[in-house]
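# Structure assessment
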Amino acid sequence: MSALWSVGAGLLLLLLWVRHRGLEAVLVHHRWVFVCFFLLPLSILFDIYYQLRAWAVWRLHSAPRQHAQRVRHIQEQVREWKKEGSRRYMCTGRPGWLTVSLRVGKYKKTHKNIMINLMDVLEVDSERQVVRVEPLVSMGQLTAYLNPMGWTIPVVPELDDLTVGGLIMGTGIESSSHIYGLFQHTCVAYELVLADGSLVRCSPTENSDLFYAVPWSCGTLGFLVAAEIKMVPAKKYVKIHYEPVRGLQKICEKFTEESKKKENSFVEGLMYSLDEAVIMTGILTDEAEQSKINRIGNYYKPWFFKHVENYLKADRTGVEYIPSRHYYHRHTRSIFWELQDIIPFGNNPVFRYLFGWMVPPKISLLKLTQGEAIRKLYEQHHVVQDMLVPIKSLEKSIQTFHVDLNVYPIWLCPFILPNNPGMVHPKGNEAELYVDIGAYGEPKSKQFEARASMRQMEKFVRSVHGFQMLYADCYMTREEFWDMFDGSLYHKLREEMNCKDAFPEVYDKICKAARH
C-alpha cells in the first residue's frame, strides 16, 4: 500500500510540475518525461494487443479463410468510389501517424480513405520456399512467426514495426542486401486491387510490367493486398567480426572490399566521425563458442551502436556470436541512435535494467503526440535521410554528407542493384553495387539550413546517379524528381490502368507540398 501511495504522490507532483511549466514546454524541452511516463507504457499495451491478436489468429487458423472476404470488402469500397463519381483520389485509410515514416501527409484528410485491415501471415510454402503475407505484417511479427519453423526471409529491414507493404511500396534494406538486393528483390509476386476494383496478381512472368512498377510507387498504382516473399533456412547465430578502421580512404576501401565478398552473409559499417569507423561482417552459423555469445537484444544490454563504439575506443578487433533474431533487430531498441535524443539517459545501465524492457516507444505514438512545435523543431534542426549511391562514389558521398550535414554516427549498408525495369535501377546495363548512407540526428554543420542543405544533398545524389529513400523529406522539384527516378514504366502503367483519376502521382504524395 505504501508503494502505491508513493507512486500516486509522484504522479501528482509530476502533473503539478507539467501544469506549472506548460504542456508544450515540457513536450519540447523535456520530452523524455512524456515518453517515459506515458508513451512507453502505452507502447507496451500496443505490443500486448498485437501479440495476443497474432496468437489468436494462429490458433484459430482464421487468416487464410478471412483474407478473401477482406479483399472483397476492399474491392467493394473501390467500386463504391466509382459509383460516387470518382471525384477524389483514393488512399489507404490507415492513419498517417501509424506509419514509420516521419512524414505526416495531409492528403489523408482530402482523399477517399479505403479501409485495409490486412495484417496476417497467410501461408508458408516450404517446398517453394515462399511465405505469403498481407501488407500490414511487420518485420518483428514475421521473423517471430518464421524462426521457430526454421525459416527467415533474406532481407529483414531494421525496426520491428516496418511493414511488408511499406517496404514494397517504398523500399527496405539490410546488411544482407549486398547478396539479395533491396527488399523488393526478394519478392516473387504481388496481389493488388486496381482502380477499377479488379484483383490482379503480378510476378516476373505474369503482368510483369506491373510487378516491376509497384516498388517505390507508394500506393499510386493500386492497393497491395498480399505479397509472396522468398524464404531461406534460418540459423541460430550470426558470427560477427568487428574491425575498427581509421582514415576515410581506408574505411571506403575496406567497406568496398568486404561488400564484394559473397561469403559474408552480412556487411555493415558505422562511422563515428569523418575518419573513424567500425566495419562489421557476419556469417550465419548453428555453432557458437559459448563464452562469446552476446544476446544483444535483451532489454538490459547496451544499445548496439554504443556496444560497437567500444571496439573503436579500445582500438581492437573482436568476434561475437549474436542470436539471429537479436541480430536482425539489433538497432530496434535504440531506433538506430535516435532514442538518445529523446531519452538522453536511455543507455545508462540503471535505466536499462529498470525500464529497458519497455523500450523503444512506438514511432507511431511519437508522431501522434509530437505536436506542431516539435514537428517544426525537428524539421529545421533534425535530419532522417537515407541516400543510395554507387559504392564507387562512397568516399565523395561521405565527404559531402560531412560538409552539408555533419551528423554522426552514419550508417553504411551495401546492396546489389539489379538492372530490372522500374523506378530504380543502375545507369548501365548490368547490376551494380550501391551503398545506403543513413544520416539520423541533429546536424552539426554551421551552415545547415533544412531546405537549402537538403536540396544540395539531393543535387549531389542525382549527379552520381543515386536515389533518395521516399519515406524522408523530399525537397526536389517535379523535374528534379523524375531526373533521379526512371518514370517511363510507371507513367505508362498509370495511363493504361486509368490511375490518373484514382491515385495521385508519387511525387505529389511524398513531396513537401503534400503536407500543406
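In short, a report on the structure. Quick caveat: nothing in here was measured; it's all calculated off a predicted structure. (Residues numbered from 1 in each chain as written. Predicted model: local features only at pLDDT ≥ 70, side-chain atom pairs only at ≥ 80, totals over all residues. Heavy atoms only, no water.)

## Things to note about unusual backbone geometry
In this chain, valine 359 is followed by proline 360 through a cis amide linkage whose omega measures 5°. Checked against the element boundaries, proline 360 lands in the loop between α14 (349-355) and α15 (363-368). Here the residue pair tyrosine 408 and proline 409 is connected by a cis peptide bond, since its omega of 0° sits within 30 degrees of zero. You can see proline 409 is positioned in the loop between α17 (394-404) and β15 (410-417). In this model, serine 86 sits at a positive phi of 50°, which is unusual for a non-glycine residue. Mapped onto the secondary structure, serine 86 falls in the loop between α4 (62-83) and β1 (90-92). For serine 86, a relative accessible area of 26% puts it in the partly exposed group. In the Ramachandran plot, histidine 465 falls in the positive-phi region, its phi being about 60° despite a non-glycine side chain. (Helix = DSSP H or I, 4+ residues; strand = E, 2+ residues; numbered from the N terminus. Buried < 20%, exposed > 50% of the residue type's maximum accessible area, 1.4 Å probe, protein only.)

## Quick word on the packing of aromatic side chains
Counted by the stated rule, this structure contains 25 aromatic pairs. Seen from their ring centres, phenylalanine 266 and tyrosine 328 are 6.1 Å apart, and the 70° between their planes marks the pair as edge-to-face. With a gap of 62 residues between them, phenylalanine 266 in strand β11 (residues 266-273) and tyrosine 328 in helix α12 (residues 324-328) connect regions that are remote in the sequence. Grouping residues by exposure puts phenylalanine 266 and tyrosine 328 together as buried. (Phe/Tyr/Trp six-rings, centres within 6.5 Å; stacked < 30°, edge-to-face > 60°.)

## Let's talk about the pairing of strand β7 (residues 199-202)
Burial along β7 is one-sided: the face carrying Val200 and Cys202 is buried and the face carrying Leu199 and Arg201 is not. Counting the residues in the hairpin turn of strand β6 (residues 187-193) and β7 gives 5 residues, including glycine 197, whose phi is positive at 90°. (Pairing = 2+ DSSP bridges.)

## Focus on the nonpolar core
Residues Leu142, Tyr190, Leu210, Phe481 and Phe485 are the most contacted members of the largest nonpolar core, which totals 147 residues. In this structure phenylalanine 485 touches Trp216, Met423, Val424, Phe467, Gln468 and Leu470, once residues within four positions along its chain are discounted. (Core = buried A, V, L, I, M, F, W, Y, C linked by side-chain atoms within 4.5 Å. Contact = heavy atoms within 4.5 Å.)

## A word on the sheet that holds strand β13 (residues 318-323)
Strand order in the open sheet made by the 8 strands is β13-β10-β12-β11-β15-β16-β14-β17, with antiparallel pairing throughout. A single partner strand is all that each edge strand has here, and the edge strands are β13 and β17 (467-468). As paired elements, strand β14 (residues 383-390) and β17 share 2 bridges and run antiparallel to each other. Directly across from methionine 387, in β17, lies its bridge partner glutamine 468.

## Some details on the side chain of arginine 330
Topologically, arginine 330 is positioned in the loop between α12 and α13 (339-342). The exposure class assigned to arginine 330 is buried, which follows from its relative accessible area of 4%. From its side chain, arginine 330 meets the backbone oxygen of tyrosine 327 in a polar contact 2.8 Å long. Apart from the residues within four sequence positions on either side, arginine 330 is in contact with Glu158, Glu174, Ser175, Glu268 and Phe304. (Polar contact = N/O pair within 3.5 Å; in protein donor to acceptor, adjacent residues only side chain to side chain.)

## Thoughts on the side chain of histidine 331
Summarising the element assignment, histidine 331 is placed in the loop between α12 and α13. Non-local contacts of histidine 331, meaning those with residues more than four positions away in its chain, are made with Glu158, Leu159, Glu268, Leu270, Phe304, Phe336, Trp337 and Trp411.

## Remarks on the packing of helix α10 (residues 248-259) against α17
Across the interface, α10 lies against α17 with an axial gap of 9 Å and an inter-helix angle of 130°. In terms of their interaxial angle, α10 and α17 are classed as oblique. Once α10 is placed against α17, the crossing between them reads as right-handed. From α10, Leu248, Gln249, Cys252 and Phe255 reach across to α17, where they touch Leu394, Glu395, Ile398 and Gln399. Each residue belonging to the contact of α10 with α17 can be placed in one class, and the counts come to 5 nonpolar, 2 polar and 1 charged. (Axes fitted to C-alpha atoms, helices over the stretch in contact; angles between N-to-C directions. Parallel < 35°, antiparallel > 145°, perpendicular 65-115°, else oblique. Left-handed = near helix turned anticlockwise from the far one by under 90°. Nonpolar A, V, L, I, M, F, W, Y, C, P; charged D, E, K, R; others polar.)

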